[in-house]
Number of protein chains: 4
Amino acid sequence: MNTIGKILTLTTFGESHGPAMGGVLDGMPAGVEIDLEELQRFVARRRAGQTVGASTRDEKDRVEVLSGIWQGRTLGTPIGFIVRNTDARSNDYDEIARCYRPNHADFTWEAKYGIRDPRGGGRASARETVARVVAGGMAIQLLEKLGVTIQSRIVQVGPHRDVPVEEMERVIAEAASQGDTLGGIISCTVHGVPAGMGEPLFGKLQAQLAAAMMSIPSVHGFEYGDGFDMAAKRGSEVMDTFEKRDDGSIGTVTNHSGGIQGGISNGEDITMRIAFKPVPTMMRSVPTIDRDGNPVTLQPRGRHDACVLPRALPIVEAMAALVILDNCLIKKTNVL
Amino acid sequence: MNTIGKILTLTTFGESHGPAMGGVLDGMPAGVEIDLEELQRFVARRRAGQTVGASTRDEKDRVEVLSGIWQGRTLGTPIGFIVRNTDARSNDYDEIARCYRPNHADFTWEAKYGIRDPRGGGRASARETVARVVAGGMAIQLLEKLGVTIQSRIVQVGPHRDVPVEEMERVIAEAASQGDTLGGIISCTVHGVPAGMGEPLFGKLQAQLAAAMMSIPSVHGFEYGDGFDMAAKRGSEVMDTFEKRDDGSIGTVTNHSGGIQGGISNGEDITMRIAFKPVPTMMRSVPTIDRDGNPVTLQPRGRHDACVLPRALPIVEAMAALVILDNCLIKKTNVL
Amino acid sequence: MNTIGKILTLTTFGESHGPAMGGVLDGMPAGVEIDLEELQRFVARRRAGQTVGASTRDEKDRVEVLSGIWQGRTLGTPIGFIVRNTDARSNDYDEIARCYRPNHADFTWEAKYGIRDPRGGGRASARETVARVVAGGMAIQLLEKLGVTIQSRIVQVGPHRDVPVEEMERVIAEAASQGDTLGGIISCTVHGVPAGMGEPLFGKLQAQLAAAMMSIPSVHGFEYGDGFDMAAKRGSEVMDTFEKRDDGSIGTVTNHSGGIQGGISNGEDITMRIAFKPVPTMMRSVPTIDRDGNPVTLQPRGRHDACVLPRALPIVEAMAALVILDNCLIKKTNVL
Amino acid sequence: MNTIGKILTLTTFGESHGPAMGGVLDGMPAGVEIDLEELQRFVARRRAGQTVGASTRDEKDRVEVLSGIWQGRTLGTPIGFIVRNTDARSNDYDEIARCYRPNHADFTWEAKYGIRDPRGGGRASARETVARVVAGGMAIQLLEKLGVTIQSRIVQVGPHRDVPVEEMERVIAEAASQGDTLGGIISCTVHGVPAGMGEPLFGKLQAQLAAAMMSIPSVHGFEYGDGFDMAAKRGSEVMDTFEKRDDGSIGTVTNHSGGIQGGISNGEDITMRIAFKPVPTMMRSVPTIDRDGNPVTLQPRGRHDACVLPRALPIVEAMAALVILDNCLIKKTNVL
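The shown structure was predicted, so the numbers you read here are calculated from the model rather than taken from an experiment.

Student: Go over the overall build of chain A, please, and point to the residues and values.
Tutor: When helices and strands are counted, chain A shows seven helices and 19 strands. Dimensions of chain A along its principal axes, counting C-alpha atoms only, are 65 × 50 × 40 Å. Sorting the 336 residues of chain A into buried and exposed places 68% on the buried side. For chain A, the separation between the mean place of its 37 positive charges and that of its 41 negative charges on side chains is 4 Å.

Below is the structure:
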């Protein structure tokens with residue numbers, strides 16, 4: 001169940017402190033140019049250390065493509081890739097093996113599998129997202145050739161909305177200095193998706209996007225178009241009236257619907273917002289219990305972000321790209 | 001792509017004014033007692049006419065089980081069922097065949113398939129949800145035997161939060177009297193799910209629940225636990241501290257996480273909220289365009305709800321049940 | 001697990017003596033004309049009573065399409081259909097409920113599910129194939145528009161190869177008169193499949209065809225091209241040399257490969273052979289044991305074919321059509 | 001579409017002369033001991049050079065496990081692994097890039113994808129099977145703990161049946177000395193599968209096994225139990241009579257059914273036979289055409305087996321193991 005997608009499928013693997021993270025991107029059309037340097041730059045956006053409050057662990061994250069691309073083009077075969085885990089200090093994590101960190105997956109993982117890799121959170125670590133970014137980065141390159149672009153930005157950090165970057169960094173630094181962490185909201189817009197993408201029943205485009213976003217670690221909410229605000233409005237207030245445009249195309253005057261109607265894209269920008277909880281690992285002592293139920297106080301160790309949102313931007317874009325491209329491919333099978 | 005689920009799968013079919021809606025529920029364990037009268041009562045909760053503002057179309061919705069249940073017990077074989085469409089007045093919908101109703105699926109459906117059944121919205125009609133409720137009702141019966149219960153309630157109608165039922169009916173009636181419609185928010189709680197359910201990567205329990213809920217017509221937002229509010233809080237404010245309980249079990253003192261950590265249930269109540277947009281079909285004249293881009297004014301006709309939330313409660317519960325039961329079955333394969 | 005296919009999926013349901021057999025054919029392209037009378041004629045080919053030795057049970061098998069087709073064309077939505085079970089005499093099957101018939105699924109079904117519907121074999125009855133034929137019949141109609149035709153014929157009945165029809169009927173009648181049954185071999189040829197269909201690794205066209213054919217009740221063997229005979233030959237004997245044809249196309253001079261190379265169609269006829277075991281239900285007394293292991297002698301009852309091959313022809317064609325059409329749709333996603 | 005399995009899924013990747021072959025085995029239960037040295041020995045059985053006529057290319061094939069196993073036990077997470085391609089001489093394959101080798105996938109691959117990696121056959125090379133053997137080898141280790149064992153042997157080489165090994169090697173060497181190649185038949189027996197495994201409709205155990213075996217390069221036929229021979233027999237001749245055994249269990253006196261009835265295992269040995277075509281690459285000059293249809297004569301080059309059967313044994317066992325183990329896991333979801 002480490003696979004997402006229908007025609008374009010991504011299967012990922014890897015534990016945080018194992019030899020490597022990796023994935024298999026299957027179903028990419030053949031003959032598509034992939035710029036591996038551009039891909040590496042995209043993956044680098046997810047790396048640690050870009051902003052105040054981010055983890056100082058230097059992950060490097062060099063992508064090693066093992067198959068599926070030859071002479072710069074996709075072969076139609078599965079694209080296998082790995083990213084080595086180079087800078088893991090596993091001895092930082094001995095205590096965690098017998099304790100349950102609050103708001104982490106330690107307890108639930110053990111309830112499910114009866115065993116867990118405690119080193120850096122194992123597969124429950126957000127480090128797994130590197131494989132999503134690699135695959136999504138390839139999807140983005142293909143989508144751009146099709147005229148589809150994806151942009152995301154941080155619209156809220158903690159309680160602060162629409163603050164400039166320096167102010168955001170200051171806010172995060174302040175929380176970090178107190179050993180605390182922050183959540184926030186990312187908005188994402190997909191531009192250029194033609195009308196007609198999405199599966200109208202269980203595979204509504206918003207359902208697929210929601211699943212993709214909610215599968216990102218720390219995400220607690222998803223909305224598209226006017227989202228939760230729409231619940232408070234009247235039908236007459238959110239009606240996206242159709243118009244015929246000068247170029248002969250049909251569009252809507254407003255976009256409360258967020259580019260999706262009846263689960264299918266309508267050609268307008270697809271807009272969504274994703275809510276992240278504050279990082280659960282804090283740089284302060286935390287009371288919890290061990291496997292036997294005895295009280296334990298966890299001391300802060302390791303290197304952790306005080307706010308994941310700056311690093312989450314390419315992850316959000318990658319997941320959006322995988323969903324949109326998959327639906328573009330599915331669309332080809334709808335008519336002869 | 002009219003199928004949802006991994007082990008427990010539901011495939012549905014049916015257009016609003018075709019002969020019947022129906023579905024196939026596959027993967028139900030064998031030997032489970034299903035009370036068809038109780039099921040019929042559950043399905044009736046979705047029927048029209050229960051509250052002011054609801055459609056007066058009398059759907060009856062008698063469930064006809066065609067396979068998979070014998071002598072009151074599941075056989076392990078697929079449970080095929082249909083619900084006849086009895087009271088369709090297709091002549092109400094002639095004009096719609098060449099116009100695009102705002103916030104409906106007319107335009108996008110045509111962009112996708114090049115053809116659509118205009119009678120009552122065809123498959124884009126919310127009438128398709130009857131098949132979800134039939135299947136979900138069976139899942140609920142099995143979950144109850146396992147000690148899992150699901151409850152949903154309306155927590156917001158239009159801008160009004162936590163109003164009693166009579167007040168809610170009055171608010172909806174008022175909007176209806178103005179030819180307008182209302183959205184709202186439903187909260188849903190699943191009680192009794194053991195720790196360990198959910199697939200930690202792309203199939204996180206919240207991702208599956210989000211996809212299931214976002215696939216319900218009119219839903220624009222999903223959150224679990226503290227949801228979007230969590231984005232504004234600090235890590236220290238939302239920490240669900242572990243405790244050992246008197247019965248020896250391990251739980252959390254608070255439940256900001258909504259019963260899910262790392263994508264896997266932790267044994268606490270699973271809590272979520274689902275935002276619905278206001279009904280797009282209003283009882284007033286609406287300006288739009290036809291297929292050729294010419295301006296058209298649609299006159300109100302047919303019978304439509306001014307607010308879908310009262311009818312949506314069993315739909316939300318049905319979708320929750322299908323996801324939870326599927327994950328209970330998947331869980332059985334995680335260890336030998 | 002009652003579903004087959006990737007883009008074009010068929011999900012079936014139904015027990016032999018339940019209210020109806022049925023299915024959902026999802027993924028059919030939109031806008032395709034379906035001739036329901038022609039479909040009914042195709043389904044009738046599977047009916048009882050066509051040849052000597054066939055069951056005299058009159059199944060009628062009227063197809064009731066419930067969705068997905070409107071005004072004679074597919075909508076792109078799932079095509080739900082049922083075929084009522086009309087002529088079931090369930091009292092014939094009382095004894096079977098506690099005995100295990102040799103070479104039947106009674107014992108294994110009980111081992112798997114702990115429960116079984118003994119009436120007419122329940123879902124293990126070959127009656128389930130009617131749903132395959134309905135769905136496959138639609139696929140055949142679409143394939144024919146694409147220039148693809150499928151033909152099957154009986155090439156062996158019992159030990160007799162390539163006998164004319166009257167001789168075949170005589171052979172079957174002779175076995176039937178002795179209370180015995182016969183197996184045989186069906187060959188199937190698909191003409192007109194363009195080069196390039198099939199998924200080269202686990203989804204090789206021959207693998208998909210084999211799975212589809214081996215899922216037909218009583219089938220014990222599958223081969224394509226020269227099949228098992230190829231094992232005895234040298235590489236130099238079975239080489240399908242390429243040639244450029246007068247119309248500029250590329251083909252092969254011989255077709256030992258059966259139209260598939262590397263799991264992908266090469267444009268030549270796809271040829272395969274399917275081996276059926278003799279019918280397990282014989283019109284003679286049969287020794288077996290009951291659930292407790294006590295010896296029992298089953299007396300012949302009910303109405304059963306002495307040889308299924310005449311009725312199996314449209315089933316084989318239906319399964320071939322479903323696989324081929326699915327791969328034609330998948331092919332559309334291989335390149336931009 | 002490079003994935004096989006339902007709960008236990010294997011996704012593979014890799015081109016013959018790319019950096020590495022690899023795969024992701026997902027769904028292995030947690031806590032299972034895996035002996036990596038034993039695994040390496042199993043993989044070595046597939047290596048070149050074991051018998052006369054086998055390729056002299058020294059593949060080494062060291063398995064590098066990247067995830068999913070920690071301290072010798074499975075974690076329940078996906079097991080990612082790679083096997084480096086070390087000894088590739090890509091310059092041997094320049095000519096093939098513009099020619100179509102008979103009975104190879106060159107032509108069909110190009111028809112499908114419009115592009116192909118000609119180096120060593122790219123992904124169409126039988127080198128891909130190394131990933132199957134790695135994954136299957138792990139499945140075998142788990143099955144053995146469950147009492148299930150798998151054995152395969154060569155029962156026919158070219159026209160020669162049941163010859164001892166030295167004689168077989170002589171026969172292969174003789175064909176090789178003439179620049180020719182041989183096919184053959186492998187029989188495979190799975191012992192110890194409990195009754196009740198397999199999905200009775202499209203996922204019949206024989207259908208899954210057939211698909212798995214037919215997906216192995218060069219396989220042209222599959223049969224189980226008495227297979228094609230069953231077609232020639234009467235029902236009375238192949239009846240597997242039930243008996244109660246001394247240990248109280250129920251079994252069959254004979255096993256014409258090959259351990260499967262109604263698509264579900266019955267507890268007897270599962271027996272099957274798999275037919276391989278002769279290797280298409282011969283050590284002699286071969287006439288063919290190039291991409292433009294011009295006649296070309298291909299000269300022998302590279303290193304190729306004259307008969308793949310000795311190397312195919314672990315591949316057959318690996319595929320059988322993946323199918324059987326997957327069905328053992330699915331079985332757990334059939335009853336509560």
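Student: Which residues make up the pattern of salt bridges, and what values go with them?
Tutor: Residues and elements named next belong to chain B. According to the stated counting rule, one finds 82 salt bridges over all chains in the structure shown. Between arginine 116 and glutamate 110 there is a salt bridge, with its nearest N and O atoms 2.8 Å apart. According to the relative accessible area criterion, glutamate 110 is buried, its value standing at 14%.

Student: Could you give me a rundown of the relation of the copies chain B and chain C, with the residues and numbers involved?
Tutor: When chain B is fitted onto chain C, the two copies agree to an RMSD of 0.0 Å after a turn of 180° and an axial shift of 0.0 Å. Taken together, the rotation angle and the small translation identify this as a two-fold axis. A share of 100% of the interface residues of chain B reappears at the interface of chain C, consistent with the copies meeting face to face through the same patch.

Student: Please provide a residue-by-residue account of the interface of chain B and chain C, values included.
Tutor: Contacts between chain B and chain C engage 37 residues on the former and 37 residues on the latter. Interface of chain B and chain C: buried area, both sides summed, is about 3000 Å²; carbon and sulfur atoms make up 66% of it. Linking chain B with chain C are two salt bridges. Note that C:Glu64 and B:Arg84 form a salt bridge whose closest N and O atoms lie 3.0 Å from each other. At the level of secondary structure, the elements contributing two or more residues to the side of chain B that touches chain C comprise strand 2 (9–13), strand 3 (20–26), strand 4 (63–65), strand 6 (73–74), strand 7 (79–84) and helix 2 (106–113) of chain B.

Student: Before we move on, can you summarise the interface of chain B and chain A with the specific residues and values?
Tutor: In this assembly, 103 residues from chain B lie in contact with 104 residues from chain A. With both sides pooled, the region where chain B packs onto chain A buries about 8100 Å², and carbon together with sulfur makes up 67% of that total. Where chain B touches chain A, the interface holds two salt bridges. Notably, a salt bridge pairs B:Glu199 with A:Lys112, separated by 2.9 Å at the nearest N-O pair. There are 31 residue pairs in polar contact (both at pLDDT 80 or more) connecting chain B and chain A. Here the side of chain B that touches chain A is composed, by residue class, of 47 nonpolar, 33 polar and 23 charged.

Rules behind the numbers
Residues numbered from 1 in each chain as written. Chains lettered and ligands numbered in written order. Predicted model: local features only at pLDDT ≥ 70, side-chain atom pairs only at ≥ 80, totals over all residues. Heavy atoms only, no water. Helix = DSSP H or I, 4+ residues; strand = E, 2+ residues; numbered from the N terminus. Buried < 20%, exposed > 50% of the residue type's maximum accessible area, 1.4 Å probe, protein only. Lys, Arg positive; Asp, Glu negative; His and termini not counted. Charge placed at Lys NZ, Arg CZ, Asp CG, Glu CD. Salt bridge = Lys/Arg side-chain N within 4 Å of Asp/Glu carboxyl O. Least-squares fit on C-alpha atoms with pLDDT ≥ 70 in both. Contact = heavy atoms within 4.5 Å. Buried area = accessible area lost by both parts, 1.4 Å probe. Polar contact = N/O pair within 3.5 Å; in protein donor to acceptor, adjacent residues only side chain to side chain. Nonpolar A, V, L, I, M, F, W, Y, C, P; charged D, E, K, R; others polar.

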